[in-house]
Amino acid sequence: MKLGVVGLPNVGKSTLFNAITKAGAECANYPFCTIEPNVGIVAVPDVRLEVLGKMYNTKKITPAVVEFVDIAGLVKGASKGEGLGNKFLANIRETDAIVHVVRCFADENVTHVDDSVDPLRDIETINLELIFADTESVKKRLDKAESMIKTGDKKYKIEAEFLKRLFDHLSDLKPARTLACTDEEKEYLNSLFLITAKPVIYTANIGEKDMGKPEDQLPFAKAVIDFAKSENAESMVICAKTEEELSELEDDERQMFLEDYGLTESGLDRLVKTSYKLLGLISYLTAGEKEVRAWTIESGTKAPQAAGKIHTDFEKGFIRAEIVDYDVLVELGSFNAAKEKGKVRSEGKEYVVKDGDVVLFRFNV
């Protein structure tokens, strides 16, 4: 899973990225500081792994992970190659979802490409450039589909009709993800790899002095949240600078800091979890003395395909899955104890794996 961290120059993208990955991405007060995308891998927070690790006295714990890509700041005209437009668009096309960082803090020491803080204007700048890029891409596909209608193949007529509806939608300056589609059309839309079809988390980056304030006292952040709701998109409020400082603290110090603000988890943990949820992903678990591990699958995945995440042989030779609920396993203390109590289920090929299932696959190749 790869998420692109995007936004205008100097909105806090690289600061947030530093906090996420502790990778030390260069962060400076001038546009286009980030040219080549910085890439970092971050674990999906999951307390279940630590609990199982202690239960099994395991040698290794392997969490699910999310890949974040810090992409160069976008400016007006990027769809026509302005700034680092072409490079930016190429990088963002390779991601699965977008974390759109929006500046919601005032600081005269940090420049803004438009010389003022206006979250909705900034969102519009980014979204319009992405829509323009997608419009051009769809127009090329539409022209090709229309030229193929003369072959008499009905699929080209159906394709052209959908592409025309999509083109008109984009021309009305609406992102592709807001187009009403049937399941079949949605599948085709995904195959187009359009930027504005990707799911988005609008991330309102507030200043340190605004930490802990209620939403109604943060007009810039509230504007971002309300805009996200209008698109049925995800949103969250975060202070990238504080998160960067938090990432450098020891666990005990970090927990004390969070408690001072009445928080149970960091903004980064919330972002990672929201990103995971955004793409409809869940984790099933495997546990033993050698390793406790979370395996990432799409919600709705059946047992053989889930087994294939471990090894293709597991899917090819799938016999059954022995499954116990995480909570039951923790309560009873071991897989064998759960089995003795009749709490381990034997599931076949049609079983849909659920988040938190602790699984032992039986297979034969």
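Residues numbered from 1 in each chain as written. Predicted model: local features only at pLDDT ≥ 70, side-chain atom pairs only at ≥ 80, totals over all residues. Heavy atoms only, no water.

Student: For this particular structure, what's the right way to read the environment of Gly 288?
Tutor: With respect to the element layout, Gly 288 can be found in the loop between β8 (281-287) and β9 (292-298). Considering only alpha carbons, one finds Gly 288 and Met 55, 233 residues apart in sequence, at a separation of 9.1 Å. Contact partners of Gly 288, with chain neighbours within four places excluded, come to Tyr 56 and Thr 58. (Helix = DSSP H or I, 4+ residues; strand = E, 2+ residues; numbered from the N terminus. Contact = heavy atoms within 4.5 Å.)

Student: It is not clear to me how helix α5 (residues 154-171) should be interpreted in this structure. Could you clarify?
Tutor: An α-helical turn contains 3.6 residues, so a residue and the one three or four places further along point in the same direction. In a regular helix each residue adds 1.5 Å, so 18 residues correspond to 26 Å; α5 covers 26 Å between its end C-alpha atoms and thus fits that length. Of all the positions in α5, only Tyr 156, Ala 160, Phe 162, Leu 163, Leu 166, Phe 167, His 169 and Leu 170 are classed as buried. In this structure, the buried side of α5 is in contact with α4 (119-148) and α6 (183-191). For α5, the N-terminal capping position is held by Asp 153, with its side-chain oxygen 3.0 Å away from the main-chain nitrogen of Lys 155. Count one or two residues on from α5 and you reach Leu 173, which has phi positive near 65°. (Expected span 1.5 Å × (residues − 1). Buried < 20%, exposed > 50% of the residue type's maximum accessible area, 1.4 Å probe, protein only. Polar contact = N/O pair within 3.5 Å; in protein donor to acceptor, adjacent residues only side chain to side chain.)

Student: Is there a simple way to think about the packing of aromatic side chains in this case?
Tutor: Geometry of an aromatic ring pair is reported as the spacing of the ring centres plus the angle between the planes. The full count for this structure, using the stated rule, is six aromatic pairs. Their ring planes at 20° and their centres at 6.5 Å tell us that Tyr 284 and Trp 295 sit as a pair that is stacked. Here Trp 295 lies in strand β9 and Tyr 284 lies in strand β8, a separation of eleven residues in the sequence. Trp 295 matches Tyr 284 in its accessibility class, with the two residues each being buried. Put simply, the rings of Tyr 284, Trp 295, Phe 318 and Phe 361 pair up and form one aromatic cluster. If you follow Arg 293 out to its NZ or CZ, it ends over the ring of Trp 295, 3.9 Å from the centre. (Phe/Tyr/Trp six-rings, centres within 6.5 Å; stacked < 30°, edge-to-face > 60°. Lys NZ or Arg CZ within 6 Å of the ring centre and 35° of its normal.)

Student: Where do I start with the sheet that holds strand β4 (residues 65-70) in this structure?
Tutor: Two orientations exist for strands paired in a sheet by backbone hydrogen bonds: parallel and antiparallel. If you trace the six strands from one edge of the open sheet to the other, you get β2-β4-β1-β5-β6-β7, paired in mixed fashion. Across the chains shown, the open sheet's two edge strands, defined by having one partner strand only, are β2 (38-43) and β7 (234-238). Taking the axes of each pair of neighbouring strands and ignoring which way they run, one obtains an average angle of 25° across the sheet. In this structure, strand β5 (residues 97-103) lies alongside strand β6 (residues 200-205), joined through six bridges in parallel fashion. The partner of Val 102 across the bridge, within β6, is Ala 204. (Pairing = 2+ DSSP bridges. Axes fitted to C-alpha atoms, helices over the stretch in contact; angles between N-to-C directions.)

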